[in-house]
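# Coordinates in review
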Amino acid sequence: MLFRSNLLNNTFTGQYLSSLNIRQADNVFIKNNTINTGTTNNFGYGMYLLGVNGAQVNANHVTAEGTGILVANSGTSTQANTLTNNMIIAAGEGFDFNSCNNLNVYHNSVSGNGIACYFSSNSNLVDVRNNIFSSNQNLAFSSLNAITGLTLNYNIYNRQNTGNLVNYVVNYADLTAW
């Protein structure tokens, strides 16, 4: 695969709204970056990927006061977006996926106060495996809508306080109930 843009081995610190904002791009390779949004904006993003197809987001360390990584309106039936081996610590959501198609999420560690892995809008062809999703104050995993073509395997879900552990269309207190 030919990557149009490579963002490798960078450090981003203290940007106001988003440290990395990529829109309408194909075949982006984002690897080994360190992102720390600082305390400038509780609603900002470590990475904001909109309309991105065929992206490889690998081995990044993201610390965000808002959302760690948002992926929206992205992916096609022939161009999957793949997020692997990322470490995310967020005050808001760790991952926020909004209208994603053909998405692979493997071997990530996500911790935060918001929902660790959140599908906030319809998505399909989603494969989520071997991740750690931990939330201090909210759900470890949530999808408000059923996801067509969803694979969930070998993930670890953790919630630090009382309340439901996951939401898949409805809330579940634990994995047995799910």
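The structure under discussion appears in the preceding block.
Note that the structure is a prediction, hence the values are computed from the model and not measured. (Residues numbered from 1 in each chain as written. Predicted model: local features only at pLDDT ≥ 70, side-chain atom pairs only at ≥ 80, totals over all residues. Heavy atoms only, no water.)

### Digging into the sheet that holds strand β5 (residues 34-36)
With parallel pairing, seven strands are arranged side by side in an open sheet as β2-β5-β8-β11-β13-β16-β19. The open sheet has two edge strands, β2 (11-13) and β19 (156-159), and neither has a second partner. For this sheet, the mean inter-axis angle between neighbouring strands, taken without regard to orientation, is 5°. (Pairing = 2+ DSSP bridges. Helix = DSSP H or I, 4+ residues; strand = E, 2+ residues; numbered from the N terminus. Axes fitted to C-alpha atoms, helices over the stretch in contact; angles between N-to-C directions.)

### Focus on the state of the cysteines
In total, this model carries zero disulfides according to the counting rule given. Free of any disulfide, C117 has its nearest neighbouring cysteine sulfur in C100, separated by 10 Å. We classify C117 as buried; its relative accessible area is 0%. (Disulfide = S-S within 2.5 Å. Buried < 20%, exposed > 50% of the residue type's maximum accessible area, 1.4 Å probe, protein only.)

### Considerations on the packing of aromatic side chains
Enumeration over the complete set of coordinates arrives at ten aromatic pairs. Centre to centre, the rings of F141 and Y157 are 6.2 Å apart; their planes meet at 80°, and the pair counts as edge-to-face. With F141 in strand β17 (residues 141-143) and Y157 in strand β19, this residue pair connects regions lying 16 residues apart in the sequence. For Y157, a relative accessible area of 14% puts it in the buried group. (Phe/Tyr/Trp six-rings, centres within 6.5 Å; stacked < 30°, edge-to-face > 60°.)

### A short note on unusual backbone geometry
A positive phi is found at N27, a non-glycine position, where the angle reads about 55°. For N27, the location among the structural elements is in the loop between β3 (18-23) and β4 (28-31). Non-glycine residue L125 carries a positive phi angle of around 55°. With respect to the helices and strands, the residue L125 is situated in strand β15 (residues 124-129).

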